[in-house]
Every structure is written in C-alpha cells, then in structure tokens.
Amino acid sequence: MGITGSIAAYKAAVLVRSLIKNGAEVKVIMTVAACDFISPLTLSTLSKNEVLTDLFEDNTWANHVILGRWADLMVIAPASCNTIAKMANGHCDNLLQAVYLSATCPVMIAPAMDEDMWKHPSTQTNLKKLESYGNTILPVESGELASGLSGEGRMAEPETITEVLAGFFKKKNDLTGKTVLVSAGPTYEAIDPVRFIGNRSTGKMGIAIANECIDRGAKVILVLGPGAEEPPELAEVTNVESAAEMYAACVAAFPRADIALMCAAVSDYTPVTVSKEKIKKNDAVLVAEFKRTEDILKKLGELKTGKQLLVGFALETENEQANAVKKLKTKNADFIVLNSLRDEGAGFGHNTNKIIIFDKAEKSYPFEMKKKEAVAKDIIDTILNNQHA
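Please read all numbers here as calculations on a predicted model, not as lab measurements.

Once that is clear, we can look at the overall build of the chain. Assigned secondary structure in the chain consists of 13 helices and 23 strands. The C-alpha extent of the chain, read off along each of the three principal axes, is 80 × 50 × 40 Å. Expressed as a percentage of its 389 residues, the buried residues of the chain come to 48%. Of the roughly 19900 Å² that the chain leaves accessible, carbon and sulfur atoms contribute 51%. Counting 43 positive and 49 negative side-chain charges, the chain places the centres of these two groups 6 Å from one another.

The following block contains the structure:
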C-alpha cells in the first residue's frame, strides 16, 4: 500500500486496519510528504510491518524490485495529483515510484485532491495514461474538501476500497478448478528446408491471456506457435510450427478444456508441395500452389459440448464488425474478439490492443486502447460475466 502527501492520508489508517482484519498481509510505503499527514509509527503498528519511506536508509538499500514482486496487489491510497503525474510519466525519485515501476502485480489508484485539480486537463490526461498502462483508477467521491469547498476529488472511503479489494481477490480465484486452452503466436508454412510463409504475430496477446487465466487460478494449456515470446512457467506448453501441427494439438487438448481461446494467427493456406532441397535462385518466375489449411475454430465449434466455452479472434482490415459476427456464427463460437489493423497501436507486434467483443446474441462490448495485459483481463471478465447471455 502506497500513501502520498494528501490530507486524506488519515484514512489510510482505517484502510490498513480493515485490510488486516480481513486477513491481508500489508506492507506500507510512504512518501516523505505523506509523513507530514500521518505518522509512520501508526501505520507500522496497524500493519505489523515496518513502514518504508526511503530508497536508502542507514547505509542500506530498500529492494524495490523484490517489493514490486512480493505483492498480489498494489494500492496507492491516497494518490496525490503530484504522484499521479509522476506515475503517468515514469518519474522515479522516491521509493514509492520505484516500487510502482517495478511492480509485476495489478495496481489500483485512489486519487485525492481538490476539485479544480481533479478536473484539470493535465490530471485527466495523466489518469487516462495510467489506465492505458493497465492500472485501475478508483472513482473519487463528491463532498466536503480540505479547501473548505464542496465537490469532486475526495478519496474513496476505506469501506468502499475494502469492498473493491475483496471483489478483486474473489475474482482472482474465479477460474480455480478450470482448464483453459489458449492458442498463441503465428504458424510457419514451409516452402523448402530454409524458407517459410508466416505472419507478423508475436504471441503477445495470447500469452497475456494465458497469464491472466493462470493468475485467476486456471490450469492453462498453451499451444504456442514459433518465434513467439516466452510462455508462462506455469502453463502446459505445446510448441508447434505449422497450421497442421496447431490443429492437431488444439483438437487433442480441447476435450480437457472448460474454456478455449483461439488467439493464434493461423495461416489459412499452406504450400501444396514442399521442396526437399533449398529452392535455388534463377531468372525464372517462382510460382507456388497453395491449399487451404484445416479450420481450427470451426472444428472446435463442431466438437464443443454444452459445458464448454469457445472464444474466437478476428483480425480484420475491412467490414470489421460484419466479418467478425459472421465468423462467430459460422464457427459456432460463444464469443468473438475483434481487433482492426485500422486502429493505430493495435494488432501484431504492439504492446497495446483495441478490441470489440461480440457474444452469440451479437451484443457488442467495446473497449478503448489498452496494454495487452489489461485487454486480457477485459476478455476474461466479459466472457465470464456474460457466458449465460
């Protein structure tokens, strides 16, 4: 839990006490300015842990990397206007900022400031930046402010934050006991022993989905194409290269899956013949004949039972929504996730994505551009919350 320089810091004592009573282990990091509003002694007594304030203290170094990896969740409450600006722009001039930049866990931010500061365009821009990084912004409340005025900007009450955190940890285990099949990355279709036809997929989106499912307690079977990024250590990984290999691996694993998310960019075509030797360069035009690959999503749609959820993905460049809905229907999927190459920052190779999810009733769930880790969370939330729609 991070505490910054705001009059609302007094609420942090109530929040820490509430979290401890609910069984949490809490470590507190304070900025120097926060110490002017509430005593570190109070918070160390309530949290039963030493309160940390400095990167360097008494010739020792506070290991912000370990702190950033220790937590299941980082909550900054209150988050001052100044700290929000630093977080949004990657400043690292105190221990709290260093831990935030090192955190591998989700981060929730509870802003606290006067109304004019809250509504200032720079503050709102910074908040949007933080959301785009995958952070959760807790809504401010309206009421009496430290300035004596009344309006928006009050930090959410400790009881409200405690409820949000209880919901977070309940959701964190909402896939416990479930097996999730995820396909990720490209396929390579060989032309000869040296050359292949492929695509620009990096597997980032599929791996983000696999990580999100693992974080929620699922057993994940990951069918991973070549050249993709490192898979999660806790996933059961099957490495494949061609569309045929991915088809075989997904069909074999599907009976074990409660949920299948077919995120891989599978080649639709493969060469009819593959040369056993490297094709030598000459002056003639090289002509290759191609045949359709097996349709993995369609096959899983045919095999699907009433107890399984099947999620497809559609990367489109034209008539995006119509093509996505058509794919949803013809493949017997329960959901389809659409992203368009027309959206800058979405698609292959980017760390961000912008999606629209469609369910079987063709209801759409649009989302703004976000980091792929946050997109993965949106996908899992949407399918779990609307699986019976």
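All right, on to the packing of aromatic side chains then. Inspection of every chain in the model, using the stated rule, returns two aromatic pairs. Ring plane angle 85° and centroid distance 4.9 Å describe the contact between Phe168 and Phe169, whose orientation is recorded as edge-to-face. Assessed through its relative accessible area of 35%, Phe169 is described here as partly exposed. Centre to centre, the rings of Tyr188 and Phe196 are 3.8 Å apart; their planes meet at 15°, and the pair counts as stacked. For Phe196, a relative accessible area of 42% corresponds to the partly exposed category. Residue placement shows Lys27 over the ring face of Trp70; its charged tip is 4.5 Å from the ring centre. The ring of Tyr269 has Arg292 lying over it, and the distance from NZ or CZ to the ring centre is 5.6 Å.

With that settled, consider the side chain of Asp359. Along the chain, Asp359 falls in strand β21 (residues 356-359). Despite its burial, Asp359 remains without a salt bridge, the nearest opposite charge being carried by Lys363 at 5.9 Å. One polar contact links Asp359 to Tyr365, side chain to side chain, over a distance of 2.8 Å.

Further remarks concern the packing of helix α4 (residues 81-88) against helix α5 (residues 95-102). Where α4 contacts α5, the two axes come as close as 10 Å, and the packing angle between them is 40°. By the angle between their axes, α4 is oblique relative to α5. Helix-helix and strand crossings are classified by hand; for α4 and α5 the assignment is right-handed. Only Leu96, Gln97 and Tyr100 of α5 make contact with α4, whose side of the interface consists of Thr83, Lys86 and Met87. A breakdown of the residues in the contact of α4 with α5 according to their chemical character gives three nonpolar, two polar and one charged.

Buried within helix α2 (residues 40-47) we find Leu43, Leu46 and Ser47. The arc that holds the buried residues of α2, viewed along the axis, is 90°, so those residues lie on one side. Facing away from the buried surface of α2 by more than 90 degrees, the exposed residues are Leu41 and Thr45. Taken together, the buried residues of α2 touch β1 (2-3), α1 (10-21) and β2 (29-30).

With that settled, consider the pattern of salt bridges. This model, assessed by the stated rule, comprises 17 salt bridges. Put simply, Arg216 and Asp381 hold a salt bridge, and the shortest N to O gap is 2.4 Å. Placement of Arg216 in the loop between α9 (204-215) and β13 (219-224) and of Asp381 in helix α13 (residues 372-385) is noted, with a sequence separation of 165 residues between them. Asp381 shares its class with Arg216; the two are buried. Residues joined by salt bridges that share partners form a network here, namely Asp174, Glu212, Arg216, Lys377 and Asp381.

What follows covers the nonpolar core. The biggest cluster of nonpolar side chains holds 34 residues, and the ones touching the most others in it are Ile209, Val220, Leu261 and Ile379. With seven residues, the top contributor of residues to this core is α9. The contacts of Leu261, once residues within four sequence positions are left out, are Val180, Leu181, Val182, Ser183, Ile209, Val311, Phe313, Ile379, Ile380 and Ile383. Counting residues in hydrophobic clusters, the runner-up holds 29 residues, among them Met30, Val75, Met108 and Ile161.

Moving on to the sheet that holds β21. Where strands meet in a sheet, backbone hydrogen bonds hold them as pairs that are either parallel or antiparallel. Ordered by their spatial adjacency, eight strands build an open sheet running β14-β13-β10-β15-β18-β19-β21-β22, and the pairing between neighbours is mixed. Every interior strand has two partners, whereas the edge strands, β14 (236-239) and β22 (364-366), have only one. Pairs of neighbouring strands in the sheet enclose a mean axial angle of 15°, with direction left out of account. When β21 meets β22, the two strands line up antiparallel, connected through three bridges. Bridged to Phe358 within β22 is Ser364.

All right, on to the environment of Ala218 then. By secondary structure assignment, the location of Ala218 is in the loop between α9 and β13. With relative accessibility at 10%, the residue Ala218 sits in the buried group.

Time to look at α1. Buried within α1 are the following residues: Lys11, Ala12, Ala13, Leu15, Val16, Ser18 and Leu19. For α1, the secondary structure elements touched by its buried residues are β1, α2, β5 (74-79), β9 (150-154) and α8 (158-172). Trailing α1 by a residue or two, Gly23 shows a phi angle of about 95°, which is positive.

With respect to the helices and strands, Asn135 occurs in the loop between α7 (121-132) and β7 (136-137). Residue Asn135 is classed as buried on the basis of its relative accessible area, which comes to 10%. Here the side chain of Asn135 touches Tyr100 through a polar contact of 3.0 Å, side chain to side chain. In terms of polar contacts, Asn135 uses its side chain to reach the backbone carbonyl oxygen of Leu130, at 2.9 Å. Setting aside residues up to four positions removed in sequence, Asn135 forms contacts with Tyr100, Val107, Ile109 and Leu130.

Conventions we followed
Residues numbered from 1 in each chain as written. Predicted model: local features only at pLDDT ≥ 70, side-chain atom pairs only at ≥ 80, totals over all residues. Heavy atoms only, no water. Helix = DSSP H or I, 4+ residues; strand = E, 2+ residues; numbered from the N terminus. Buried < 20%, exposed > 50% of the residue type's maximum accessible area, 1.4 Å probe, protein only. Areas by Shrake-Rupley, 256 points an atom, 1.4 Å probe, with all protein chains shown as cover. Lys, Arg positive; Asp, Glu negative; His and termini not counted. Charge placed at Lys NZ, Arg CZ, Asp CG, Glu CD. Phe/Tyr/Trp six-rings, centres within 6.5 Å; stacked < 30°, edge-to-face > 60°. Lys NZ or Arg CZ within 6 Å of the ring centre and 35° of its normal. Salt bridge = Lys/Arg side-chain N within 4 Å of Asp/Glu carboxyl O. Polar contact = N/O pair within 3.5 Å; in protein donor to acceptor, adjacent residues only side chain to side chain. Axes fitted to C-alpha atoms, helices over the stretch in contact; angles between N-to-C directions. Parallel < 35°, antiparallel > 145°, perpendicular 65-115°, else oblique. Left-handed = near helix turned anticlockwise from the far one by under 90°. Contact = heavy atoms within 4.5 Å. Nonpolar A, V, L, I, M, F, W, Y, C, P; charged D, E, K, R; others polar. Arc of directions from axis to C-beta. Core = buried A, V, L, I, M, F, W, Y, C linked by side-chain atoms within 4.5 Å. Pairing = 2+ DSSP bridges.

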